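Tertiary structure, described
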Amino acid sequence: MTQDWLDACLLEETAPNAATTKACEGAFTQGSGTLHLRGSLEEGLLAAPQNEAYMRLPANVTIEKPRHPRSKCGTYLPGVTGSHPLLREELVNLPNPLWLAPSFEGERYDLDRCDTRNYRRVLDMATGELTRSFRWHTRSGAVLHCRYRRIVSKARPNLIVQTASYTLETGAGRLAVTAGIDADLRTNGYDHFSRVEQSAEAGACQTLVETDTGDTVYLAARMHSPHLAFVPDGPGGKHLAAETVMAPGQTVTLTKLTAINASRDADGGGFEALARLLNGAGEDAEPLFAENAAAWHDLWAGCAVEIEGDTEAQRAINFSVYHLLRCAHSDPRVAVCAKGFSGEAYFGHFFWDTEIYLLPFFLHTRPETAKTLLSFRLLTLPGARKNARAYGYPGARYAWESGVDGTEQCPNWQYADHEVHVTADVVYGIWRYWRATGDEAFLRDSLSVLVETADYWLHRVYPAAPGVWHLNGVMGPDEYICLCNNNAYTNTLVAFALECTLEALHLAGKMGWPLPRGPAADEAWRQKAAAVAAGLARNHRPDGLILQCDGFDDYEEPHFSTTWPDRTKLWGSVVSQEKNYRTKALKQADALMLPFLFPDRYSDASVRKNLDYYLPYTTHDSSLSAVVHSILFTRLGEAGQAYTLFERAMNIDLDFAGGGAAEGVHIANCGGLWQAVVLGFGGMVPAEAGQAPEFHPHLPPHWRALRFRLNLGGTPHLVTIRDGAATLEPCSRDATADGGN
Ligand code: BGC
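Things to note about the sheet that holds strand β10 (residues 129-137)
As summarised here, the arrangement of the 9 strands in space is β1-β9-β10-β11-β12-β19-β16-β15-β14, forming an open sheet in which the pairing is antiparallel. Since the sheet does not close on itself, it has two edges, and those belong to β1 (10-13) and β14 (193-201), each with one partner. Within the sheet, the average angular offset between the axes of one strand and its neighbour, ignoring direction, is 15°. As defined by bridge partners, strand β9 (residues 115-124) adjoins β10 across 8 bridges and the pair is classed as antiparallel. Bridge pairing in β10 places Asp124 opposite Glu129.

With respect to the site of the ligand
Near the ligand, the surroundings consist of Thr62, Ala338, Tyr346, Phe351, Trp352, Asp353, Trp400, Glu479, Lys587, Gln588, Ser622 and Leu624. Tyr346 places a polar side-chain atom, nitrogen or oxygen, 2.9 Å from an oxygen atom of the ligand. In this structure, an oxygen atom belonging to the ligand sits 2.6 Å away from a side-chain N or O atom of Asp353. For the ligand, the accessible surface in isolation is 310 Å², of which the surrounding protein chains cover 94%.

Here's the deal with the packing of helix α5 (residues 311-327) against helix α6 (residues 353-365)
For the pair α5 and α6, interaxial distance at closest approach is 11 Å and the crossing angle is 85°. Of the possible angle classes, the one that applies to α5 and α6 is roughly perpendicular. Along its contact with α5, which presents Val321, Leu324 and Leu325, the element α6 presents Leu358, Phe361 and Phe362. Among the residues forming the contact of α5 with α6, the class breakdown is 6 nonpolar, no polar and no charged.

Some thoughts on the environment of Pro102
With respect to the helices and strands, Pro102 occurs in strand β7 (residues 100-104). Remark: the alpha-carbon pair of Pro102 and Thr2, spanning 100 residues in sequence, is separated by 38 Å. Ignoring sequence-local partners within four residues, the contact set of Pro102 consists of Glu43, Glu107, Arg108, Tyr109, Trp136, Tyr148, Tyr166, Leu175, Ala176 and Val177.

Observations concerning the side chain of Asp478
Relative to the helices and strands, Asp478 is located in the loop between β22 (468-470) and α12 (488-511). Although buried, Asp478 forms no salt bridge, and the nearest oppositely charged side chain, Lys587, lies 7.6 Å from it. Here the side chain of Asp478 touches Gln548 through a polar contact of 2.9 Å, side chain to side chain. Not counting the four nearest positions on each side in its chain, Asp478 is found in contact with Gln548, Ala585, Leu586, Lys587, Gln588 and Asp590.

Here's the deal with a nonpolar patch on the surface
Together, Met55, Leu57 and Leu86 make up a nonpolar patch on the protein surface, roughly 270 Å² of accessible area in all. Tracing the sequence through the fold places Met55 in the loop between β3 (36-37) and β4 (75-76).

Focus: the nonpolar core
Burial of nonpolar side chains together is a common tendency in soluble globular proteins. Within the largest apolar cluster, 162 residues are counted, with the highest numbers of intra-cluster contacts made by Trp352, Phe646 and Phe708. Not counting chain neighbours up to four residues away, the residues in contact with Phe646 comprise Ala313, Ser630, Leu673, Ala676, Val677, Phe681 and Trp703. If you look at the next biggest cluster of nonpolar residues, it comprises 48 residues, including Phe104, Trp136, Ala164 and Leu219.

Focus on the sheet that holds strand β20 (residues 305-308)
Two orientations exist for strands paired in a sheet by backbone hydrogen bonds: parallel and antiparallel. Taken together, 4 strands build an open sheet; the order of strands is β20-β25-β26-β27 and the sheet is antiparallel. Of all strands in the sheet, those bounded by a partner on one side alone are β20 and β27 (725-730). Averaged over all neighbouring strand pairs, the angle between strand axes comes to 20°, with direction disregarded. Of the strand pairs in this sheet, β20 and strand β25 (residues 705-712) are connected by 4 bridges, and their pairing is antiparallel. Within β25, the position partnered with Val305 by the bridge is Phe708.

Considering the side chain of Thr29
For Thr29, the position within the fold is in the loop between α2 (21-27) and β2 (30-31). At a separation of 3.3 Å, a polar atom in the side chain of Thr29 contacts the main-chain carbonyl oxygen of Glu25. In this structure, Thr29 is in contact with Leu37, Arg38, Gly39, Tyr322, His323, Arg326, Phe341 and Ser342, ignoring residues within four places of it in sequence.

Things to note about the confidence of the model for the protein chain
Chain-level pLDDT for the protein chain is 96 on average; 99% of the residues reach the 70-or-more range. Note on residues 735-741: pLDDT under 50 across the span, and 20 contacts to partners over four residues away in sequence or across chains.

With respect to the pairing of strand β16 (residues 216-224)
For β16, a buried count of 8 out of 9 residues is recorded, marking the element as mostly surrounded by other parts of the structure. As paired strands, strand β15 (residues 204-211) and β16 are joined by 7 bridges and run antiparallel to one another. Looking at β16, one finds that Val209 is bridged to Val217. Counted between consecutive antiparallel strands, the loop separating β15 from β16 contains 4 residues, among which Gly214 sits at a positive phi close to 100°. For β16 and strand β19 (residues 251-262), the ladder comprises 8 bridges, and the chain directions are antiparallel. Paired with Ala220 across the bridge in β19 is Ala259.

Points about unusual backbone geometry
Positive phi outside glycine occurs at Phe341, with the angle close to 55°. Residue position: Phe341 is located in the loop between α5 and α6. At Tyr346, a position not held by glycine, the phi torsion is positive, near 60°. Note on placement: Tyr346 falls in the loop between α5 and α6.

Description of the packing of aromatic side chains
Taken as a whole and judged by the stated rule, the model has 38 aromatic pairs. For the pair Trp5 and Trp300, a centre-to-centre distance of 5.0 Å together with 80° between the ring planes defines the contact as edge-to-face. Of this pair, Trp5 sits in helix α1 (residues 3-7) while Trp300 sits in helix α4 (residues 285-301), and the two are 295 residues apart along the sequence. The buried category is assigned to Trp300, whose relative accessible area is 2%. On the basis of an interplanar angle of 50° and a centroid distance of 5.8 Å, the ring pair of Tyr428 and Phe496 is categorised as tilted.

Some remarks on the pairing of β25
Across the 8 residues of β25, 7 count as buried, placing the element largely inside the fold. Taking the residues between adjacent antiparallel strands as the criterion, β25 and strand β26 (residues 715-722) are bridged by 2 residues, where Gly713 takes a positive phi near 55°.

The rules behind the values
- Residues numbered from 1 in each chain as written.
- Predicted model: local features only at pLDDT ≥ 70, side-chain atom pairs only at ≥ 80, totals over all residues.
- Heavy atoms only, no water.
- Pairing = 2+ DSSP bridges.
- Helix = DSSP H or I, 4+ residues; strand = E, 2+ residues; numbered from the N terminus.
- Axes fitted to C-alpha atoms, helices over the stretch in contact; angles between N-to-C directions.
- Near = heavy atom within 4 Å.
- Polar contact = N/O pair within 3.5 Å; in protein donor to acceptor, adjacent residues only side chain to side chain.
- Areas by Shrake-Rupley, 256 points an atom, 1.4 Å probe, with all protein chains shown as cover.
- Parallel < 35°, antiparallel > 145°, perpendicular 65-115°, else oblique.
- Contact = heavy atoms within 4.5 Å.
- Nonpolar A, V, L, I, M, F, W, Y, C, P; charged D, E, K, R; others polar.
- Buried < 20%, exposed > 50% of the residue type's maximum accessible area, 1.4 Å probe, protein only.
- Lys, Arg positive; Asp, Glu negative; His and termini not counted.
- Salt bridge = Lys/Arg side-chain N within 4 Å of Asp/Glu carboxyl O.
- Patch = residues over 30% accessible without salt bridge, like charges linked within 9 Å, V, L, I, M, F, W, Y side chains within 5 Å.
- Core = buried A, V, L, I, M, F, W, Y, C linked by side-chain atoms within 4.5 Å.
- pLDDT = per-residue confidence, 0-100.
- Phe/Tyr/Trp six-rings, centres within 6.5 Å; stacked < 30°, edge-to-face > 60°.

Here it is as structure tokens:
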């Protein structure tokens, strides 16, 4: 990669700042796909106890005030969940393996209380390595240069490697270090551990927790140090402690390796497996750091995006791709949750974000990961069936907020009951994957999802007049209209899903694939599906305006200039929900999702008309909004507007002062930013399987060049856009990784 690209992989915190610690924790999240760890401080913060019990209510996540202003540790294994009395299933915050706390001459180090200078914390997104260094001017007069490094290994996905070194630059005295695994913590204030067992012996400690849904999680840590002999911190102690008297100029180093697994792993997890992992890892951290860096290098080789002439955009796209790659895994029993396993908001639930925002990145760079994410929907079809039954329908209805078994976990009735478009979005994702890859086996395996979701729709629509079908009582993507009839987005996606289902059944007949159970073979059912697809009200007006839903123009004006003077606040936080629900204020792109998803169905004039109509009402309170608008403005050649909205999306996680990723990374926006660069500015028109994509680039004027990687039919390709022209060339993996100037 170029030096500019490498430089823009460094995400830095250059001074301790109480106001941004938590945003950094989220942004600095590390992970292997299997295991994720927020970027908390090794020693924690005395002012931010993690064991505080409270009841988080199922409020609107977008506008609620987070409980922990300073810090929230987070360790997550996708799929390990607990059951919350109000929030329903939630991803459990597991015991914190980071814990490493130094004291000098009896003074315990704490960022808030100790004299800390020359502070620098850096996440190197090229290698996934997080480092921190600072000088601690102790009360005793001694100055200790403290340095930390850590990874969640992409090469050994269940392993965390930490090193610490303490150099005494001035003075002399006693350094004491405690280390261990902190199991006294909560998830959203709730204690999900029905069993906790902890023990320690010389140089090692272990923890077992059982969650209230029956998963057992095992953690084992080992300490290695030429200078410190770690022993249990007292008789029967559960943690480790060591101390030494340091001479002036001396450096004390240590390595802590922690391995984590769970009973839901294919091999059942357990301490024996952890011991094998730790034995195999050895005692030397350097080769572990090196193999992790090599694994990240390989990942970037197929996905890196390079922008010449815009350092901030380069950093933002690196941030997005880093977090998408961090989340990439090969376990179809889970997808990627709304916060990309980097925070407790949205409780680890899976949304439409997967199919609409994340899928394109994976589909075009790592199709095997796209398949894993969609396979999650195939595996959770039984849950979708249960949802349909729960609402009184046959067939399958995907959950607005899916739990690991596919059942509805959304704690708010508005969304759970009405945001039904997700069921069609799932089919959209499946279809997009099939068209791009030609993976017939996957389409065959998806037939049940297609047919059963179609069956749900056929029972959910309402015959308003001969040949005219209505879909009433829904919420579209814009969550600021709580309940409406004939949301244009939902109806169009449902019609598309029905058409895809019929096409797939036609193909199944031709190929001799066995038909899934249910109504697929029934000719009358197929005819109804075709009739509904053709006759579902779309609210597309002859003048090109897509009316968001029936009667949208009768909703009240929000009068933003008087009702919302301070635009640094979310609109949703300055208006009552009661008022919001009856105005035209939009939370996010809704009708405009249609030209975003089906660009060739809409003329430029129609895109223009809809942007002019909806943008003034759009608050972008949702992080899923700005990228869509940016892409549409790019299409119209309006570079200024496109870039302004792109910048807004860039800042969603990187504006630390504004909160950024404090509650977790906005992973849908990460996928959206990739789309804004590749499909928007890069102008890529994705191709059907076996064909080459086209490019109609519109780079922002200050971008000198754009390069990105694609996987086409299993072969890595490099796209270079410069001087208005695009070139596409196959490249070896190494050439891909090394740039292509
Ligand atoms: C948005 C949804 C999105 C969810 C999770 C909400 O604020 O309105 O569209 O799926 O966040 O990212």
